[in-house]
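# Residue-level structure breakdown
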Amino acid sequence: ISAVELVDHHISTIEKLDGDINAFITTTPDQARLAAKAADEQLAKGEGGLLCGIPLGVKDLFCTDGTRTTAGSNILRHFVPPYESTVTANLLKQDAVFLGKLNLDEFAMGSTNLTSAFGSVTNPWKRAGDDKKLVPGGSSGGSAAAVASGMVLGATGTDTGGSIRQPASFCGITGVKPTYGRCSRFGTIAFASSLDQAGPMARTLEDCALMLEAMAGFDPKDSTSVDLAVPRYVDALERGVKGLKVGIPEEYRSEDLPAEIQALWEQGIAWLRDAGAETVKVSLPHTKYGLPTYYIAALAEASSNLARYDGVRFGERVPADSLDMMYEATRHAGFGEEVRRRILMGTYVLSSGYYDAYYLRAQKIRTLIQRDFLSAFEKVDVLLTPTAPSAAFAHDEKPTDPVQVYLNDVFTVPASLAGVPALSLPAGLDSKGLPLGLQLIGRYFEEETLFAAGRVME
Ligand code: GLN
């Protein structure tokens, strides 16, 4: 099959399905067809890159030169970046073909994709017994839904506290959050800079491995990107797990965890054991502080990062009589409710009277959480946990209390706070036929171990 045929097939799948799913904010079929033609020429010369002619989608948080980039927000509704993010530039260097920009929670803040200014995304999966529209998870929900429905072969995601892993779990696909610093943040619209990390989302670990190899690498334009050679991740897939030590964190086991998720976790342990791994209980004692720590640290950084949308330098402007009134009117019209809530909370925890009590304390606990992982990784090579405490829920089942929504991130935020790599892979279906994911967490820059261990559970 030629790249042109492959890309045409995916473009017509988008035309057929995306009216219902709404995974795309912007599609770029003409550009994609041209790129596919160029890819075929490369292939004919035997010169194609690692992803030559492969149709991918890009989360609309990555700046794409000349193609509108919205972050799912009204404030960037018409923003066309004059430059390309490093991650997407790296994919283009390997001759990938982009079909468009994918929907997300506004500024990547959320776990449902219900906060996008461009409408919610519908999970392509249906629950047995009812016809309710389900959420795809978030914030990379458009990416997960586009991959799960066959509109693209892979997509970029970003993960600040679970935004690659949780939607991967809800949509039955695979997603990798690499070590913080593995992929450049240059040109990725910032949410919480000390946590944001780009990664691949695709149907299989092998596809993720190929994408990550292309996306990763040192970038002098991001001072937190790390200068380490990028391995051929696909080579790790067949390594096996003989002798590998897998830790089962005690603190992730709770009374509230649905029995089906608990059972799937046991199943994952059995798969790893059958393949020759040893499983042991480990303790990550500060796990219970993960969520409050995350929702202080991330929001503080968000409030600072989003200060740049002032109606002067970027995006939309609502004219008003004075500068202050213009800021106010612009930001009120530009930001949705969840983003406003986060800016307010972030500003509060950074304010002079509360800085020590909230922000500084959160930073200290973050260090303790990181130390939990470091000491666990003295005993084991990798950790196995569920990815999320539930399967996908219906659009109208989203809790009205935002704190209830935040609870969905309980298993994903600790790895983000520590900066260690983690992936989610589809591990089975619940009794309603919905996919559930398992999470593997590894040592810094040991994504290869995650690929090897994940493979025996695929
Ligand atoms: N769901 C989490 C939040 O709302 C994580 C989001 C993300 O990783 N971008 O902040």
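Residues numbered from 1 in each chain as written. Predicted model: local features only at pLDDT ≥ 70, side-chain atom pairs only at ≥ 80, totals over all residues.

### Some thoughts on helix H10 (residues 337–350)
- End to end, H10 covers 20 Å across 14 residues, agreeing with the expected 20 Å (1.5 Å per residue, within 8%).
- Of all the residues in H10, the buried ones are Val339, Arg342, Ile343, Gly346 and Val349. Summarising the axial view, the buried residues of H10 lie within an arc of 135 degrees, below the 170-degree limit, and thus occupy one face. Facing away from the buried side of H10 by more than 90 degrees, the exposed set consists of Glu337 and Leu344.
- Contacts made by the buried residues of H10 are with helix H8 (290–305) and helix H11 (355–379). (Helix = DSSP H or I, 4+ residues; strand = E, 2+ residues; numbered from the N terminus. Expected span 1.5 Å × (residues − 1). Buried ≥ 20, exposed ≤ 12 C-beta atoms within 10 Å, placed from the backbone. Arc of directions from axis to C-beta. Contact = placed C-beta atoms within 7 Å.)

### Some words on the packing of H8 against H10
- One can describe the packing of H8 onto H10 by two numbers: an axis separation of 7 Å at closest approach and a directional angle of 100 degrees. As far as their axial angle goes, H10 and H8 are roughly perpendicular. Here Ile296, Leu299, Ala300, Ala302 and Ser303 of H8 come into contact with H10, specifically with Arg342, Ile343, Met345, Gly346, Thr347, Val349 and Leu350.
- Grouping the amino acids of the contact of H8 with H10 by side-chain chemistry returns eight nonpolar, three polar and one charged. (Axes fitted to C-alpha atoms, helices over the stretch in contact; angles between N-to-C directions. Parallel < 35°, antiparallel > 145°, perpendicular 65-115°, else oblique. Nonpolar A, V, L, I, M, F, W, Y, C, P; charged D, E, K, R; others polar.)

### Here we look at the domain arrangement of the protein chain
- Domains assigned within the protein chain are domain 1 (1–287 + 368–458) and domain 2 (291–356).
- Placing the centre of domain 1 and that of domain 2 at their C-alpha centroids yields a distance of 27 Å.
- Domain 1 puts 29 residues into the contact, and the matching count from domain 2 is 22 residues.
- Secondary structure elements with two or more residues in the side of domain 1 that touches domain 2: helix H12 (402–406) and helix H13 (413–418).
- Among the elements that make up the side of domain 1 that touches domain 2, the one with the highest residue count is H13 (three residues). (Domains from an automatic or database assignment.)

### Structural notes on the sheet that holds strand E10 (residues 422–429)
- Within the open sheet, the 11 strands sit side by side as E1-E3-E2-E4-E6-E5-E10-E11-E9-E7-E8. Their pairing is mixed. Across the chains shown, the open sheet's two edge strands, defined by having one partner strand only, are strand E1 (24–27) and strand E8 (278–282). Between one strand axis and the next, the sheet turns through 30 degrees on average, direction left out of account.
- Summarising the sheet, strand E9 (residues 382–386) and strand E11 (residues 435–442) pair through five bridges and their orientation is antiparallel. Residue pairing across strands places threonine 385 opposite glutamine 439, the latter belonging to E11.
- On top of the sheet, helix H4 (residues 141–148) reaches E1, strand E2 (55–59), strand E3 (97–102), strand E4 (154–159) and strand E6 (197–202); it is set at about 155 degrees to E4, its chief contact.
- Strands E4, strand E5 (174–177), E6 and E10 of the sheet are contacted by helix H6 (residues 205–215), whose axis makes an angle of about 145 degrees with E6. (Pairing = 2+ DSSP bridges.)

### Some thoughts on the UniProt feature "active site" (unreviewed entry) in the protein chain
- In the UniProt entry, the feature "active site" (unreviewed entry) is given for Lys59, Ser139 and Ser163. These annotated residues cover 105 residues of sequence, but their C-alpha atoms sit close together, with the largest distance between any two at 11.1 Å.
- Here serine 139 is to be found in the loop between E3 and H4.
- Beyond its immediate sequence surroundings of up to four residues, serine 139 is in contact with Leu104, Asp105, Ala108, Met109, Gly110, Asn113 and Ser163.
- Here serine 163 shows up in the loop between E4 and helix H5 (165–171).
- Judged by C-beta crowding, with 36 C-beta atoms within 10 Å, serine 163 ranks as buried.
- Contact partners of serine 163, with chain neighbours within four places excluded, come to Ala108, Gly138, Ser139, Ser140, Gly157 and Thr158. (UniProt positions renumbered as here; feature names shortened; annotations may be inferred.)

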